[in-house]
Structures are given as C-alpha cells and as structure tokens.
Amino acid sequence: MTVTELPEPRFAVAYHSGFGHTARLAAAVAAGARDAGAEVAMIAVDAITDDGWHELDESDAVVFGCPTYMGNVSAGFQAFAEKTGRRCINGTWQNKIAAGFTNSGAKSGDKLQTLMSLAVFAAQHHMLWVSLGLPPGWNSSSGSDQDLNRLGFWLGAAAATDVDAGPEHVQSADVATCRHLGARVSSVCRQLIAGRAVTAAARGPAAWSAPTR
Ligand SMILES: Cc1cc2nc3c(=O)[nH]c(=O)nc-3n(C[C@H](O)[C@H](O)[C@H](O)COP(=O)(O)O)c2cc1C
C-alpha cells in the first residue's frame, strides 16, 4: 500500500448545544475537517443514537465541543461523558486523536476550565489531544476582533457569543478559528494514519494489516 492509497481520516464532531450557538461552531469544525479531506460525522450528544456511538467507536479523531455553562462543560455534555464509562474501562477510544472547543457569553467565562475538562475527559480515554495551534490574536495595537484565535486560547478553540444574540450572530472570527481546528486535527490524523502504516509495514509482511482505525 502506498501513501496515496491510505484511507481518508474518519472524523467525528461530538457536541452539545443548548440553544444552537455551539452547534454553529461544531459545523465549522466539520467544514474545516472536510476541507482537509476527512469524512465527517456530526453527533449531537444529547440525542446520540446507536449509529452515533458506532461512529464514535470507528472514528480516527473525535473533536468534543460544548457551551460553557456555570464555568464548566454543560450538563448535556457531561451526561454524555458519564455514559462512556464502559468504553473508558475497555480502552475503546484509546489512541484516537481528540481536540475540543467551547463557546460562552463572556469573553473568558471561564472557558479554559471547560477546555481542561474536555482534555481530561479525552485523557481518561487515553486519546491523543491536539492543541489549537494558533498564536493568540487581538493582542497588539495592530490586532482586531477579526483575528483568528481572537480570545487567545491554546488548549482548544474558544468563542464568545453575546447572550442576547441568536446563533446567526456567532462571531465570524470564532467560526474561522473552529474551521482551523477541524483542518488541523484532520491533518494530524492523516499523518498518524500514514505513520502507523509505515510502522506496520516496517515490521514486515506478516505484521502488515490495513492502517489502524
Ligand atoms: C445555564 C447556563 C449557564 C451559563 N454559564 C455561563 C458561564 O459560566 N460563563 C459564560 O460566559 N456564559 C455562560 N452562559 C452563556 C452561554 O455559554 C452562551 O449563551 C452560549 O452561547 C450558549 O451556547 P449554546 O447555544 O450552544 O447552548 C450560560 C448559559 C446558560 C444557559
């Protein structure tokens, strides 16, 4: 098998959104991943089906997202997280790539707590966390609120949406930042798939199998 024959990354966005704002950002993550060549499934975790669980189990990468409610992940996301206990014990998601995003009303909010909770959740599953990979924006006299990563987070993508504004008012810079995250995770995923294929091939024909999902 040559590198050009490797499968496209299989990617899932597992998100909760109470009022539709974070759902817009989830769609942006998915769009970025598709732009980078991934097959993407969108999974609203508060309405997850058996197919949704199957998709998560089969994905190479899962990007987790939720609003920040009361300074942490939303209850809708946490309820989903608590349903993954058996998968956590069994290592079902180990060595999948993971990343995260959140949205809240305040510019801080405190979204870092939410991103840390998402990263710890991924670590409990022995997943491989990918950071945002952007310098902080809007932090100098030449910066603006149109900058990528305008809120200056490193662990994942963060957005702020006025609490009295509808989902159509999610900031374009935050949408672009989430789109970047999707593309970055897809790119890292592609490299991991290729690296695993090379490693398996180097072990010899007896050890060769299709790249690990
Ligand atoms: C129960 C609740 C708690 C919230 N807590 C916070 C918070 O701690 N920090 C903050 O900045 N915004 C907070 N917000 C505002 C939401 O994060 C914000 O409206 C967000 O855009 C909602 O996203 P969603 O439509 O995807 O649910 C809270 C909203 C709700 C409903």
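Residues numbered from 1 in each chain as written. Predicted model: local features only at pLDDT ≥ 70, side-chain atom pairs only at ≥ 80, totals over all residues. Heavy atoms only, no water.

Under an unreviewed UniProt entry, the protein has the name FMN reductase and belongs to Mycolicibacterium poriferae.

(A) Representation of the overall build of the protein in the model. A count of helical and extended segments in the protein gives six helices and seven strands. Reading the helices (α) and strands (β) of the protein from amino to carboxyl end gives β-α-β-α-β-β-α-α-β-α-β-β-α. If one aligns the C-alpha atoms of the protein with their principal axes, the spans along those axes are about 60 × 40 × 25 Å. Long-range pairs, those at least 24 residues apart, make up 77% of the contacts in the protein between residues at least 6 apart in sequence. In the structure as shown, the protein presents an accessible area of about 10000 Å², 54% of it carried by carbon and sulfur atoms. (Helix = DSSP H or I, 4+ residues; strand = E, 2+ residues; numbered from the N terminus. Contact = heavy atoms within 4.5 Å. Areas by Shrake-Rupley, 256 points an atom, 1.4 Å probe, with all protein chains shown as cover.)

(B) Just unusual backbone geometry, in detail. Between G109 and the following residue, D110, the backbone shows a cis peptide bond with an omega angle of -10°. Mapped onto the secondary structure, D110 falls in the loop between β5 (97–104) and α5 (111–124). You will see that N95, though not glycine, has its phi angle at about 70°, which is positive. Here N95 is to be found in the loop between α4 (85–90) and β5. Exposure remark for N95: the relative accessible area of 38% places this residue in the partly exposed category. The phi dihedral of W138 falls on the positive side, at around 50°, and the residue is not glycine. Relative to the helices and strands, W138 resides in the loop between β6 (128–129) and β7 (157–160). (Buried < 20%, exposed > 50% of the residue type's maximum accessible area, 1.4 Å probe, protein only.)

(C) Spatial organisation of the pairing of strand β1 (residues 10–15). Taken across its six residues, β1 has five buried, putting it largely inside the fold. Handedness of the crossover is the feature at issue here: the chain leaves β1, passes through helix α1 (residues 21–35), returns alongside strand β2 (residues 39–44), and the resulting connection is right-handed. (Right-handed = clockwise from strand over helix to strand, strands pointing away.)

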